[in-house]
Amino acid sequence: MSKVVVITGAGGVLCSTLAKALAKKGHKIALLDLKLEAAEEVANGINANGGTAIGIVANVLEKESLETAKNEINKKLGRCDILINGAGGNHPLGTTSNPHLKEDDLNNTAEGFKTFFDLDPEGIKFVFNLNFIGTLLPTQIFAKDMVGRKGCSILNISSMNAFTPLTKIPAYSGAKAAVSNFTQWLAVHFSKVGIRVNALAPGFFLTDQNRTLLTETDGSLTQRGQQIIDQTPMGRYGEPDDLVSTTLYLCDDASSFVTGVVIPIDGGFSAYSGV
Ligand code: NAD
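Note that the structure is a prediction, hence the values are computed from the model and not measured.

**A word on the overall build of the chain**
Then, number 1: Scanning the chain for helices and strands turns up 8 helices and 7 strands.
Then, number 2: Against the compact-globule benchmark of 19 Å for 275 residues, the chain has a radius of gyration of 19 Å, which places it among compact chains.
Then, number 3: Split into buried and exposed, the 275 residues of the chain put 48% on the buried side.
Then, number 4: Across the chain, the fraction of contacts at a sequence separation of at least 24, relative to all contacts at a separation of at least 6, is 71%.
Then, number 5: Entry remark: accessible area of the chain is about 14,000 Å², with carbon and sulfur atoms responsible for 54%.
Then, number 6: In the chain, 24 side chains carry a positive charge and 27 a negative one; their mean positions are 11 Å apart.

**A look at the pairing of strand β1 (residues 4-8)**
Then, number 1: By the criterion of burial, β1 is predominantly enclosed, with 5 of the 5 residues buried.
Then, number 2: In the sheet, β1 pairs with strand β2 (residues 28-33) via 5 bridges, with the strands oriented parallel. Bridged to T8 within β2 is L32.
Then, number 3: Where β1 and strand β4 (residues 82-85) come together, 4 bridges link them in parallel fashion. Note on β4: the bridge partner recorded for I7 is I84.

**Some words on the sheet that holds strand β7 (residues 262-265)**
Then, number 1: The strand order β3-β2-β1-β4-β5-β6-β7 describes an open sheet built from 7 strands, whose pairing is parallel. A strand with exactly one partner marks an edge of an open sheet, and here the two such strands are β3 (52-57) and β7. Strand-to-strand twist in this sheet, taken as the mean axis angle between neighbours without regard to direction, amounts to 20°.
Then, number 2: On the sheet, helix α8 (residues 244-251) packs against β4, β5 (152-157), β6 (195-202) and β7 and is oriented at approximately 170° with respect to β6.

**Details of the site of the ligand**
Then, number 1: Taken together, the neighbourhood of the ligand is formed by 28 residues, with L14, D33, Y172, F205 and Q209 sitting nearest.
Then, number 2: Within the backbone of L14, a nitrogen or oxygen atom sits 2.8 Å from an oxygen atom of the ligand.
Then, number 3: With respect to the ligand, the backbone of L34 contributes an N or O atom lying 3.3 Å from a nitrogen atom.
Then, number 4: For the ligand, whose accessible area on its own is 830 Å², the fraction buried by protein is 90%.
Then, number 5: Within the residue set of the shell around the ligand, elements represented by two or more residues are α1 (13-24) and α5 (170-189).

**Considering the pairing of β5**
Then, number 1: In terms of burial, β5 is a largely internal element, 6 of the 6 residues being buried.
Then, number 2: Side-chain alternation along β5 places C152, I154 and N156 on one buried face and S153, L155 and I157 on a second face that is also buried.
Then, number 3: For β4 and β5, the ladder comprises 4 bridges, and the chain directions are parallel. Residue pairing across strands places L83 opposite I154, the latter belonging to β5.
Then, number 4: Following the backbone out of β4, through helix α4 (residues 121-142) and into the adjacent parallel β5, one traces a crossover that is right-handed.
Then, number 5: For β5 and β6, the ladder comprises 6 bridges, and the chain directions are parallel. Paired with I157 across the two strands is L200, which belongs to β6.
Then, number 6: Between the parallel pair β5 and β6, the chain is carried across by α5, and the sense of this crossover is right-handed.

**Some details on the packing of α1 against α8**
Then, number 1: Contact geometry of α1 with α8 gives a least axis separation of 10 Å together with a crossing angle of 55°. Viewed along their axes, α1 and α8 adopt a mutual orientation that is oblique. Remark: the crossing between α1 and α8 carries right-handed chirality. Contact residues: α1 offers T17, L18, A21 and L22, while α8 offers V244, T247, L248 and C251.

**Overview of the packing of aromatic side chains**
Then, number 1: A full pass over the atoms with the stated rule returns 4 aromatic pairs.
Then, number 2: Aromatic pair F116 and F117: ring centres 5.5 Å apart, planes at 70°, arrangement edge-to-face.
Then, number 3: Here F132 and F182 contribute two aromatic rings whose centre-to-centre distance is 5.2 Å and whose plane-to-plane angle is 70°, an arrangement assigned as edge-to-face. Placement of F132 in helix α4 and of F182 in helix α5 is noted, with a sequence separation of 50 residues between them.
Then, number 4: Given the relative accessible area of 9%, F182 is considered buried.
Then, number 5: A connected cluster of aromatic rings, assembled from ring pairs, spans F132, F182 and W185.

The rules behind each value
- Residues numbered from 1 in each chain as written.
- Predicted model: local features only at pLDDT ≥ 70, side-chain atom pairs only at ≥ 80, totals over all residues.
- Heavy atoms only, no water.
- Helix = DSSP H or I, 4+ residues; strand = E, 2+ residues; numbered from the N terminus.
- Rg over C-alpha atoms; globule rule 2.2 N^0.38 Å.
- Buried < 20%, exposed > 50% of the residue type's maximum accessible area, 1.4 Å probe, protein only.
- Contact = heavy atoms within 4.5 Å.
- Areas by Shrake-Rupley, 256 points an atom, 1.4 Å probe, with all protein chains shown as cover.
- Lys, Arg positive; Asp, Glu negative; His and termini not counted.
- Charge placed at Lys NZ, Arg CZ, Asp CG, Glu CD.
- Pairing = 2+ DSSP bridges.
- Axes fitted to C-alpha atoms, helices over the stretch in contact; angles between N-to-C directions.
- Near = heavy atom within 4 Å.
- Polar contact = N/O pair within 3.5 Å; in protein donor to acceptor, adjacent residues only side chain to side chain.
- Right-handed = clockwise from strand over helix to strand, strands pointing away.
- Parallel < 35°, antiparallel > 145°, perpendicular 65-115°, else oblique.
- Left-handed = near helix turned anticlockwise from the far one by under 90°.
- Phe/Tyr/Trp six-rings, centres within 6.5 Å; stacked < 30°, edge-to-face > 60°.

Now the structure itself:
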C-alpha cells in the first residue's frame, strides 16, 4: 500500500538514499530540508524515475515552518503515514581537540585548541537542539496525522555514540542518547493510538559532515578514521544503501509488532570490545 512518507534532512547523504528507496516501493515522499535546492534535487530525481516526491524547505527547529510544510504536504500528497526524523549532526563548538585530557593541555594556547573546559555552551545547545528538539518538533507536528490510523510509524536516527559515547564529541553523543531514549518513550506513549516508533543507530558512514575528521586530503584515513575501521569487525565504513533494508522493514507492516527498538547498523562496532 502506498504511504505518505515525510523525511527531514532529506537533502542529506543518508536520508536522500532512504527517500529514493521508499519511493521505489511506491510511497509518496515529502523531502524536508533547510536547503530547498538539495531537497528539490532529490525530489526531481525521484519524479524523473516515475516516483512521486516533493521538496520543501523546512527548519526542524521552527514549529511554524513545519506547520507550513505540513499544510503543503496534506494538500499535495495527503496525510502523513510515516515520519523519518533524519535531520541531525554535530558541531565543532561541541567537540574537544583531544580524546583525553592531559595536564599540559591547560597551558596549550594554540589557536582553536579546545579542552573540555573551553567547550562553548552555545555549541552544546546547537547540537542538542538540532538532534533532540529537531526530532521532537516534527513528531509533534506530523504524528497528529497518524493518531488512530493503521500502518503509521516514526523512524528516528540515533547513532553508535548513543550506546557508548565517542571521544571528543560529548554533545553529539549525549544528544543521540536522548534520541534513543525518546524513541522508547514515544513508543510507549503512542502504543494505544497505533503509532510505532523505532530508530536506526548507524555506525560510521563517510559523509560531508565527518569526511575531514576521518580522511586526509589525499583520501587516506586519519588516525581516528583508522581507529574506527580497527574497531569495526566487518572492517569497512557503511554505505548509505546498508540502511535501506532495515528502514523498509521498520516502515512496513511486516514489523507491525515492533516498537521501541534502536537497531545498530554498524558492521559489529557496538558488539566489539576491541579485544
Ligand atoms: P547530512 O549532513 O548529509 O544530512 C543532514 C541534512 O539535514 C542536511 O541536508 C541538512 O541541510 C539538513 N538539516 C540540518 N539542519 C536542519 C534543520 N534545522 N532543519 C532541517 N534540515 C536540516 O548528514 P547524514 O550523514 O546524511 O546524517 C543524517 C542523519 O544520520 C543525522 O541525524 C546524523 O546525525 C545521523 N548519523 C549519521 C552518521 C554518519 O556516519 N554519517 C552516523 C550515525 C548517525
